[in-house]
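Architecture and fold: a report
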Amino acid sequence: MKNNIIIRVSNVSKKFTVDCKESKSILHNIIYFLKKKSNKEIIALSDINFKVFNGDTLAILGDNGSGKSTLLKIISKIYYPDSGYVKLSGDCIYLNGFGHGMNPRLTMKENIFLMGSLMGIDSRNVRLLIGDIVKFSGLQEFMDVKVYQFSSGMIIRLLFSSTITFVEFKKPKIIILDEVFNAGGDLDFQKKAIEKMNQLIKNNICVIIASHDLSLIRNYANKVIWLKGGKIFKIGDPDKITKEYENSNHFIYR
Amino acid sequence: MRNKFLDNIKNILQLSYSLSKTNFKLRNEKSYLGIFWYLLEPLSFFITLYALGSFLGGDNIEKFPLYLFLGIIMFNFFSSCTMASCNIIEANAGFIKSLNISKTPFVFSVLFQYSFSHFFEIFIFCIFMFLLGSNPLLILLYVPIFLVYFFMVAGICFVLSAVGVFVSDISNVWNIFSRILWFLTPIFYFAPKDSFVGMINPINPVYYFIYIAREICIYGRIPSLMYVIVGLFSALISFSFGLILFNIFKFKFAEKL
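Before going into details, it helps to say that this report is about the structure given with it. (Residues numbered from 1 in each chain as written. Chains lettered and ligands numbered in written order. Predicted model: local features only at pLDDT ≥ 70, side-chain atom pairs only at ≥ 80, totals over all residues. Heavy atoms only, no water.)

Another point: the packing of aromatic side chains. In total, this model carries 45 aromatic pairs over all chains according to the counting rule given. For the ring pair B:Phe78 and B:Trp174, a centre distance of 6.3 Å and an interplane angle of 55° mean the geometry is tilted. Of this pair, B:Phe78 sits in helix H3 (residues 64–85) while B:Trp174 sits in helix H8 (residues 170–184), and the two are 96 residues apart along the sequence. Per residue, the accessibility class of B:Phe78 equals that of B:Trp174, and both read buried. Summarising the aromatic geometry, the rings of B:Tyr207 and B:Tyr211 are spaced 6.2 Å apart at their centres and angled 35° between planes, so their arrangement reads as tilted. Taken together, the residues B:Tyr207 and B:Tyr211, both in helix H10 (residues 205–218) and four residues apart, mark about one turn of the helix. The same class applies to B:Tyr207 and to B:Tyr211, which are both buried. Of note, A:Lys228 hangs over the ring of A:Phe233, and the distance from its end group to the ring centre comes to 4.3 Å. Above the face of the B:Tyr67 ring, B:Arg214 is positioned so that its terminal group lies 3.4 Å from the ring centre. (Phe/Tyr/Trp six-rings, centres within 6.5 Å; stacked < 30°, edge-to-face > 60°. Helix = DSSP H or I, 4+ residues; strand = E, 2+ residues; numbered from the N terminus. Buried < 20%, exposed > 50% of the residue type's maximum accessible area, 1.4 Å probe, protein only. Lys NZ or Arg CZ within 6 Å of the ring centre and 35° of its normal.)

Right, here's the structure in full:
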């Protein structure tokens, strides 16, 4: 079981065209087409190959703009590669924050239902989970209050509690966490949130984490990929690679 | 395989319903008149055009008030859905860029939202039917007509929502186009076949549905088979083309938003 391949990333390349157009209006589109201007291209990822096995926690490391988020979005099927392919053995959830589906003009209860439906959970199951969400968030008295009246700390509590509860319910085989470790909120809530994240990582078959927090990577990951300029610069042991990354020029300047 | 397909359809419908419910709530938020705002627009149009009816030849049209009101509300459904779909993908960029979710529910949510308000307009139409001595039960026959009409409009919504991602001012262009179409569709007048509008009608899919609905629900007559076939065919072509185009471009949405 341990050696089952859960994610296979094969020869994945991705480039983005950077629009030279001033706007997306019809007129600009026509002028742009007639002038036959060539688009500027940025290579976001180039020939990426790796496999993630059952039970692996893979961390992706790299400077801003190195292609971490693009790679994670391609694995999650939010973006599509220009060449190569990604094969997943199981369903996957991508988290890059805790704000999917929240509308400040709706009440807390309405927002929980909306977030649930965006994460593919039907209202019958959201009704079953709502007690857990409210209990974890500690916002029992605010169920029918519109979210624009919440403080920022309360919003974070609501978002984190809902997202994590829905993810736990869905039990995806693959979880992708893109810079989501700073849940925020007060100290008590942060402690609870970190415990919950620990559980989530330990209980899942396969986790991919993108983070700049090297101690976090050392704690959780059993494999690290260091991306540089859209290419795999190094792949291997977390302790070794995080140390090399720490000693790279990047950190000397800090 | 079949179960997966059905689950997919179920998920799309659930999310569409949820999004349309949210939009409906937000649109009526802090509004004292609430859903009556939905009725005010077609009713005010109806009153104005009815008052102008005699100048526009309305006196020569049998059951003109029903003819006019049904035309207004059917066109209203078309223009509201298509206008709203022009920027529906851009309006939901936050979700599309951060979640791997189906994009079709965003388009369906627009259609569901306006179907709901269309239901209220139809209710008013039934009251008019009753007051003007028509049989309100004939409206039951409107259900299958509306279903086919829904798919015809859905196809156009899919095209506009996909184009809207790449062309920011599509809503302005569509607004002008739908205003022109409003005047070219025999909503508040009758267009003889040999007139300019009469010659344009065969290429106006909205006209087929309005004609069929009027014939069945107002006059209790069986519409021309040719019109029914063209109506069904236009819905099939529109929906298939719209969905195919949307599915081709949806892979680029997250990047372009």
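We are not done yet, so read on.
Counted by the stated rule, this structure contains ten salt bridges over all chains. Where A:Glu110 meets B:Lys25, a salt bridge forms, and the shortest distance between an N and an O atom there is 3.2 Å. Highlighted residues: A:Glu110 in helix H3 (residues 108–118) and B:Lys25 in helix H1 (residues 2–27), drawn from two different chains. What makes B:Lys25 partly exposed here is its relative accessible area of 38%. B:Arg221 is paired through a salt bridge with B:Glu215; the nearest N and O atoms lie 2.9 Å apart. Assessed through its relative accessible area of 39%, B:Arg221 is described here as partly exposed. Connected via shared salt-bridge partners are A:Lys14, A:Asp82, B:Lys252 and B:Glu255. (Salt bridge = Lys/Arg side-chain N within 4 Å of Asp/Glu carboxyl O.)

Here we come to the interface of chain A and chain B. Residue-level contacts link 28 residues of chain A with 29 residues of chain B. Taking both partners together, chain A and chain B bury about 2,500 Å²; carbon and sulfur atoms supply 53% of that area. Contact with chain B buries surface across chain A, with A:Lys24, A:Ile78 and A:Leu118 losing the most and accounting together for 26% of the total. Our enumeration of links across chain A and chain B arrives at two salt bridges. Counting every contact that joins chain A to chain B gives five residue pairs in polar contact (both at pLDDT 80 or more). Mapped by element, the contributors of at least two residues to the side of chain A that touches chain B are strand S1 (5–18), helix H1 (26–35) and H3 of chain A. Examining the composition of the side of chain A that touches chain B, we find that five residues originate from one element, H3(A), more than from any other. Split into classes, the residues belonging to the side of chain A that touches chain B amount to ten nonpolar, nine polar and nine charged. (Contact = heavy atoms within 4.5 Å. Buried area = accessible area lost by both parts, 1.4 Å probe. Polar contact = N/O pair within 3.5 Å; in protein donor to acceptor, adjacent residues only side chain to side chain. Nonpolar A, V, L, I, M, F, W, Y, C, P; charged D, E, K, R; others polar.)

Counting residues in hydrophobic clusters, the biggest one holds 111 residues, and the most contacted among them are A:Ile7, B:Leu111, B:Tyr142 and B:Tyr149. Top element by residues in this core is helix H7 (residues 142–166) of chain B. It accounts for 14 residues. Of the residues that make up this core, three or more belong to each of domain 1 (1–91 + 172–254) and domain 2 (101–170) of chain A. Once you skip the residues sitting within four places of it in the chain, B:Tyr142 turns out to touch B:Leu70, B:Met74, B:His118, B:Ile122, B:Ala213 and B:Cys217. If you look at the next biggest cluster of nonpolar residues, it comprises 37 residues, including A:Met108, A:Leu139, A:Leu159 and A:Leu177. (Core = buried A, V, L, I, M, F, W, Y, C linked by side-chain atoms within 4.5 Å. Domains from an automatic or database assignment.)

Before going further, it helps to examine the sheet that holds strand S2 (residues 40–53) of chain A. All names here are of chain A. The sheet built from three strands is open, its strands ordered S2-S1-S4 with antiparallel pairing. Only two strands of the sheet have a single neighbouring strand rather than two, namely S2 and strand S4 (83–88). Along the sheet, successive strands turn relative to each other by an average axial angle of 20°, direction set aside. Where S1 and S2 come together, ten bridges link them in antiparallel fashion. Looking at S2, one finds that Val18 is bridged to Lys40. Each of S1, S2 and S4 is contacted by helix H2 (residues 68–75), which is oriented at about 60° to S2, the strand it contacts most. (Pairing = 2+ DSSP bridges. Axes fitted to C-alpha atoms, helices over the stretch in contact; angles between N-to-C directions.)

This part covers the packing of H7(B) against helix H11 (residues 225–256) of chain B. For any two helices packed against each other, one specifies the crossing angle of their axes together with the interaxial distance. Residues and elements named next belong to chain B. Taken N-terminus to C-terminus, the directions of H7 and H11 make an angle of 25°; their axes are 7 Å apart at the nearest point. One element, H7, and the other, H11, form an angle in the roughly parallel class. Our pair here, H7 against H11, has a crossing hand that is left-handed. (Parallel < 35°, antiparallel > 145°, perpendicular 65-115°, else oblique. Left-handed = near helix turned anticlockwise from the far one by under 90°.)

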